[in-house]
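Structural overview for review
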Amino acid sequence: MERYQISGWTCGRWAMLAWALAFTALLLTGCGPGREEKERRREIQAQGEANAIRYVEEKYGFTPEVEEVQICTERGDGDLVPWANGYVLALMRRGEDTFKVHISGEKETLEGQDDLQYKIILEDVKGYMGELLGYEIYDLYLCYREEQESQGMRTGQEDREEQESREEQAGQEDQKEQVGQEDREERVAQEDREERVGQEERQDREGGGGPPECHKEDLIGELYSPGDLGGFLKRHPATIRIDDCLGQDLTDMGLGAVSPAAVAPPAAAFFAEYAKAYGMKAVLISYRDETAYQKGLDHTYGRGGVLTFGIWEDGLWIHSYAAFDQEGTETGRFEQQAYEELLFSCVDQVEGEDLQIGASREGWMDLGETNGEPLSKIYSVGTGQTGPVTVYLPVERYGKRPSVYIQHYDDGKWWQYEASVGQTKDGQYNILTYMGIPDGNFQFAVFP
């Protein structure tokens, strides 16, 4: 059968194009909230703003200025469009001070959380920790949450009791509901929201999912009482990072001597107790001096609850650290070694030099991973210990982020791969790290 042609296209092709355009339009219409959802969001925003103002007036005794009211949204694994979870984050001001209030926008309520007291709590923590540690704190990072918002802090029994309480309350509310279409729709919508929020909370406790995007840390509902910091930290699991520039050895905090104690054992006991019993996470970092602190990489240890990941790349500037969480205590003191124009850093684990370093113009294997001859010597690093070894290559000698390959022996054969190369904040060194698996023995060289 003859097919009609239109400007060189068959009718079949035009049909396929039409279907594609229709499908694209369908996707685009599904990529944002619908009219009913937009109206619901406007209502949540208006009620949330009113609630936030009344919450501040009731709790602190003044009327705040409202700068912005954000709708809190969540997205499930199968959701194309994030849905409003019924809460708002109100950005507010009093004079020069700005703060946030997280509160429901689905009904009139005075139950919320805010971060207006953060500066007061931070100063109390600095003072308390300074007395506890007995040395000058250069910088301190603090974040905390309401206890129910903290992951991994609830037992299975508490979860069951919470679920039974929710079911009992839902049953009582159902009995009190009036018959009527509007009431039934409102109840169904509320139950659906509670089920989704409950699912998110369960994911949080199981280590998945997370809190609503706008529900940040440092928001609490209680009125903080100065002088009750110990009780506050029991009720609000916190993450703390304490930096000093004293070049101290923090590996001895009464937890196994390596050198004379620089920190009083009571401090170690405090952090160990609060980590185990109350979910605190803490990391103490001693930089070699103030210049080393300024040259150190981004000071983000502790953020997101991650205490020491990547700290080995800071071994050029950090002398030692001690970290505490529910899993136990981790301490480390960095050793530096120089070889020719290169610098090396690793956690000091043995007496004397941990690394045996050498160099040669020969010994690189032809495994098909590299092209041409190395531009540098082939450097060999040997150690009987496990753990990361960081190498600092001067930019003046090798340029910025050169191509560096590593070869090592594992599982009965040799391996080669291109290393990930970073750069120090001052731009003087390139950084590469060998993670020390299965051991700390490896070779590396710079290639074209």
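This one's a predicted model, so the numbers in the text were calculated from it and none came from an experiment. (Residues numbered from 1 in each chain as written. Predicted model: local features only at pLDDT ≥ 70, side-chain atom pairs only at ≥ 80, totals over all residues. Heavy atoms only, no water.)

Attention shifts here to the overall build of the protein chain. For the protein chain, the helix and strand inventory stands at 9 helices and 20 strands. Residues classed as buried in the protein chain amount to 41% of the 448 residues present. Long-range pairs, those at least 24 residues apart, make up 66% of the contacts in the protein chain with a sequence separation of at least 6. Summed over all atoms, the accessible surface of the protein chain reaches about 24800 Å², with 48% contributed by carbon and sulfur. (Helix = DSSP H or I, 4+ residues; strand = E, 2+ residues; numbered from the N terminus. Buried < 20%, exposed > 50% of the residue type's maximum accessible area, 1.4 Å probe, protein only. Contact = heavy atoms within 4.5 Å. Areas by Shrake-Rupley, 256 points an atom, 1.4 Å probe, with all protein chains shown as cover.)

With that settled, the discussion passes to the packing of aromatic side chains. According to the stated counting rule, one finds 24 aromatic pairs in the structure shown. Judged by centre distance (6.0 Å) and plane angle (85°), the rings of W317 and Y392 are edge-to-face. Of this pair, W317 sits in the loop between α8 (290–295) and β10 (318–325) while Y392 sits in strand β15 (residues 389–394), and the two are 75 residues apart along the sequence. Judged on exposure class, the residue W317 and its partner Y392 are both buried. Measuring from centroid to centroid gives 5.7 Å for Y405 and F447, while their planes differ by 80°, and the two rings are edge-to-face. You can see Y405 sitting in strand β16 (residues 403–410) and its partner F447 sitting in strand β20 (residues 442–447), a full 42 residues away along the chain. Like Y405, the residue F447 is buried in the burial classification. (Phe/Tyr/Trp six-rings, centres within 6.5 Å; stacked < 30°, edge-to-face > 60°.)

Moving on to the sheet that holds strand β8 (residues 238–244). A sheet is described by the order of its strands in space; here 9 strands give the open sequence β7-β8-β9-β10-β11-β12-β15-β19-β18, paired in mixed fashion. The open sheet has two edge strands, β7 (139–144) and β18 (422–423), and neither has a second partner. In this structure, β15 lies alongside strand β19 (residues 429–434), joined through 6 bridges in antiparallel fashion. Among the inter-strand pairings, T390 is bridged to a residue of β19, identified as T433. Each of β7, β8 and β9 (281–287) touches helix α3 (residues 118–133); the most contacted strand, β7, lies at about 125° to it. On the sheet, helix α7 (residues 265–278) packs against β8, β9 and β10 and is oriented at approximately 40° with respect to β10. (Pairing = 2+ DSSP bridges. Axes fitted to C-alpha atoms, helices over the stretch in contact; angles between N-to-C directions.)

Among the surface-exposed residues, L367, Y409 and W414 lie close enough to one another that they form a single nonpolar patch of about 290 Å² accessible area. Within the secondary structure layout, Y409 lies in strand β16. (Patch = residues over 30% accessible without salt bridge, like charges linked within 9 Å, V, L, I, M, F, W, Y side chains within 5 Å. Salt bridge = Lys/Arg side-chain N within 4 Å of Asp/Glu carboxyl O.)

Our next topic: the pattern of salt bridges. In total, this model carries 16 salt bridges according to the counting rule given. Across the pair R241 and D139 runs a salt bridge whose closest N-O atoms are separated by 3.5 Å. Here D139 lies in strand β7 and R241 lies in strand β8, a separation of 102 residues in the sequence. Notably, a salt bridge pairs D243 with R241, separated by 3.1 Å at the nearest N-O pair. A relative accessible area of 0% places D243 in the buried class. Here the residues in one salt-bridge network are E37, R40, R41 and E106, joined through shared partners.

This part is about the confidence of the model for the protein chain. The share of residues in the protein chain with pLDDT of 70 or more is 75%, and the mean pLDDT across the chain is 82. Low confidence marks residues 149–163, where pLDDT is under 50. Its contacts with residues over four positions away, or in another chain, come to 22 contacts. Within the model, pLDDT remains below 50 along residues 256–261, and this stretch shows 10 contacts once partners closer than five positions in the same chain are excluded. (pLDDT = per-residue confidence, 0-100.)

Among the nonpolar cores identified, the biggest contains 32 residues, and M129, L142, I240, I242, F271 and L284 are the most heavily contacted of them. Elements with a contribution of two residues or more to this core: α3, β7, α6 (229–235), β8, α7, β9 and β10. Considering each element in turn, this core owes the most residues, 7 residues, to α3. Each residue touching L142, except ones within four places of it in the same chain, is listed here: Y118, I121, L122, V125, D218, A238, T239 and I240. (Core = buried A, V, L, I, M, F, W, Y, C linked by side-chain atoms within 4.5 Å.)

As a further point, take the side chain of N430. Tracing the backbone shows N430 in strand β19. Here N430 falls in the buried class, since its relative accessible area comes to 0%. Apart from residues no more than four positions distant in its own chain, N430 is found in contact with V391, Y392, L393, P394, V395, G399, K400, R401, P402, V421, G422 and Q423.

What follows is about the sheet that holds strand β4 (residues 83–94). Taken in spatial order, the 4 strands of this open sheet run β3-β4-β5-β6, and their pairing is antiparallel. Every interior strand has two partners, whereas the edge strands, β3 (65–74) and β6 (112–114), have only one. The mean angle between the axes of side-by-side strands here comes to 25°, regardless of whether they run parallel or antiparallel. Pairing analysis gives 3 bridges linking strand β5 (residues 97–104) to β6, with the strands arranged antiparallel. Bridging across to β6, V101 finds its partner in D114. This element, helix α2 (residues 35–60), spans β3, β4, β5 and β6 of the sheet and lies at about 40° to β4.

Another aspect to go through is the side chain of N51. Within the secondary structure layout, N51 lies in helix α2. The residues contacting N51, other than those within four sequence positions of it, are I103, S104, G105, K107, E108 and T109.

Moving on, we get to unusual backbone geometry. In the segment running from I437 into P438, the intervening peptide bond is cis, with an omega of 5°. Considering the arrangement of structural elements, one finds P438 in the loop between β19 and β20. You will see that D218, though not glycine, has its phi angle at about 75°, which is positive. Residue class for D218 comes out buried when judged on its relative accessible area of 12%.

Think of an α-helix as turning once every 3.6 residues; residues three or four places apart then point the same way. The first and last C-alpha atoms of α7 sit 19 Å apart over 14 residues, in line with the 20 Å expected at 1.5 Å per residue. For α7, the set of buried residues is A267, A268, F270, F271, Y274 and A275. In an axial view of α7, the angular spread of the buried residues amounts to 160°, which keeps them on one side of the axis. Looking at the buried positions of α7, the neighbouring elements they touch are α3, α6, β8, β9 and β10. One or two steps after α7, the chain reaches G279, where phi turns positive at roughly 75°. (Expected span 1.5 Å × (residues − 1). Arc of directions from axis to C-beta.)

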